[in-house]
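What follows is each chain in one-letter form.
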Amino acid sequence: MEKIKKVAFITLGCKVNQYETNAMAQKFIEKGYTVVEEKEKADIYIINTCTVTNMSDRKSRQMLRRVKETNPNAIVVAVGCYVQVAKKELEQIPEIDIILGNNEKADIVTYVENYIKDNIKKAEIDDVLHKTDFVEFGDITFTEKTRAVIKVQDGCDRFCSYCIIPYARGRVRSRRPEHIISEVKAIAQKGIKEIIITGIHIASYGKDFKNGYVLIDLLEELNKIEAIKRIRLGSLEPLLITQEFMERLVKLDKICHHFHLSLQSGCDETLKRMNRRYNTLQFKEITELLRKYYKDVMLTTDIIVGFPQETEEEFNQTYKFLEEIKFYKMHIFKYSQRKGTKAAIMPNQVDGKIKEERSKKLIELSDKNQLEYNKKYCNKKVEVLFEEEKEGTYYGHTENYLLITCKTTKKLENQIKTVTCKKAYTEHIEAEI
């Protein structure tokens, strides 16, 4: 075991997975291991899998097989959401040495060392649907970026008809606020200025507590941590945004004015089939509320095209609604059948060519909106937290999530600087300092 010291991580999927990869990496570092890049030759490869779509499953399988090409003698560990819902499939892949679900991630070093010592494979995956406690990793401060992802809850109780995630992540479990606050304070001591609040369904934070403590209570506490300059919220359930919520949120000076509201469709009939719990009128009122309180607010969203039974008329309703709302950016997904979900067995599945056409139309609309919005900032001054440098160009984001690039010889990483926007593109804005 003395020679086995290099471990590499490959992370697929969401920010929750990224947080948990950081947590697992920290566990290995504490035990004397060295974390290396995924392309380097490592003794252990840990693939943190995703299962949100069939494509995610395919990517997970590809990665699990590919790492043996880099080092045929490496230990390959499959962990995460795909493992949780497809253990039997993964047992058929000979390249995999250890199989762990989501509940086992916190003890991954123990499982790996048991395998090294006694060839003990872990293949019993806990049933997450009956899990009632949040799996606590402790304070996670390992991060290579200037922004830190903070996981505050796990699981989802919504059971949208297209989504497998409740079966992979289980029911809502919220992290104790004192643990979150402790971690954020530790992150702040490292000089990190921005945190991203994430989870599987963060709008449900506190639902499982008995004391009425909810997300806005947590945000008020985090806003008091002096060294943290920005608090960014991950993807939100639209119905979280109420008058009462906004009246409290607007008082928090560190909250970033960027909200990712997952719409999925702009047609009420399609939303019903998806088992989304709002309609387009409610959603529109929510966007109006956000724009009332934050004049510079940036709204982004996810849209699924070609959902089962989506007619041309329903798609046109979605298109018109999206034209009206004018999101800054829309992430467009072509519906793909996900085994184990209600939508997968719905009649009248939409043809692939039609999905492609609809996807193209919405991407064009999204690009048009984004470029128009970016152009409004030309010759204006904005504050940017610069995150990384590539070939003499620094990249960073404004508080409302505009991507800014700046060519300079000055050292800007992890600094908040005022710059002047000069030239707008679809994906970013060039600026001068």
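In case you missed it, the structure is sitting above this.
In what follows, the accompanying structure is described.

Rules used in this analysis
Residues numbered from 1 in each chain as written. Predicted model: local features only at pLDDT ≥ 70, side-chain atom pairs only at ≥ 80, totals over all residues. Heavy atoms only, no water. Buried < 20%, exposed > 50% of the residue type's maximum accessible area, 1.4 Å probe, protein only. Helix = DSSP H or I, 4+ residues; strand = E, 2+ residues; numbered from the N terminus. Contact = heavy atoms within 4.5 Å. Pairing = 2+ DSSP bridges. Disulfide = S-S within 2.5 Å. Polar contact = N/O pair within 3.5 Å; in protein donor to acceptor, adjacent residues only side chain to side chain. Axes fitted to C-alpha atoms, helices over the stretch in contact; angles between N-to-C directions. Parallel < 35°, antiparallel > 145°, perpendicular 65-115°, else oblique. Left-handed = near helix turned anticlockwise from the far one by under 90°. Nonpolar A, V, L, I, M, F, W, Y, C, P; charged D, E, K, R; others polar.

**Topic: helix α8 (residues 215-222)**
Burial analysis of α8 places six of its eight residues in the buried class, the great majority of the element. Restricting attention to buried positions, one finds in α8 the residues Leu215, Ile216, Asp217, Leu218, Leu219 and Leu222. Contacts from the buried residues of α8 go to β6 (147-154), α7 (177-189), β8 (194-199), β9 (230-233) and α9 (243-249).

**Observations regarding the sheet that holds β6**
The four strands are arranged β7-β6-β8-β9 in an open sheet whose pairing can be described as mixed. Every interior strand has two partners, whereas the edge strands, β7 (173-174) and β9, have only one. Pairing of β6 with β7, which is carried by two bridges, proceeds in the antiparallel orientation. If you follow glutamine 153 over to β7, its bridge partner there is serine 174.

**Topic: the state of the cysteines**
Tallied over the full model, the rule gives zero disulfides. In this structure cysteine 50 is not part of a disulfide, and its nearest cysteine sulfur, from cysteine 81, lies 6.5 Å away. A relative accessible area of 11% means that cysteine 50 is categorised as buried. Considering cysteine sulfurs only, cysteine 421 is the nearest to cysteine 406, which forms no disulfide, with 10.0 Å between them.

**Section: the side chain of threonine 301**
Relative to the helices and strands, threonine 301 resides in strand β11 (residues 298-305). Reaching out from threonine 301, the side chain makes a polar contact with the backbone nitrogen of leucine 263 at a distance of 3.0 Å. In this structure, threonine 301 is in contact with His260, Leu261, Ser262, Leu263, Phe327, Lys329, Met330 and His331, ignoring residues within four places of it in sequence.

**Considering the packing of helix α11 (residues 280-293) against helix α12 (residues 312-325)**
For the pair α11 and α12, interaxial distance at closest approach is 11 Å and the crossing angle is 15°. In terms of their interaxial angle, α11 and α12 are classed as roughly parallel. Here α11 and α12 pass one another in a crossing that is right-handed. Together, Thr280, Phe283, Lys284, Thr287 and Arg291 of α11 and Phe321, Glu324 and Ile325 of α12 make up the contact between the two elements. In terms of residue class, the contact of α11 with α12 is made up of three nonpolar, two polar and three charged.

Purely geometric numbers; function is a separate question.
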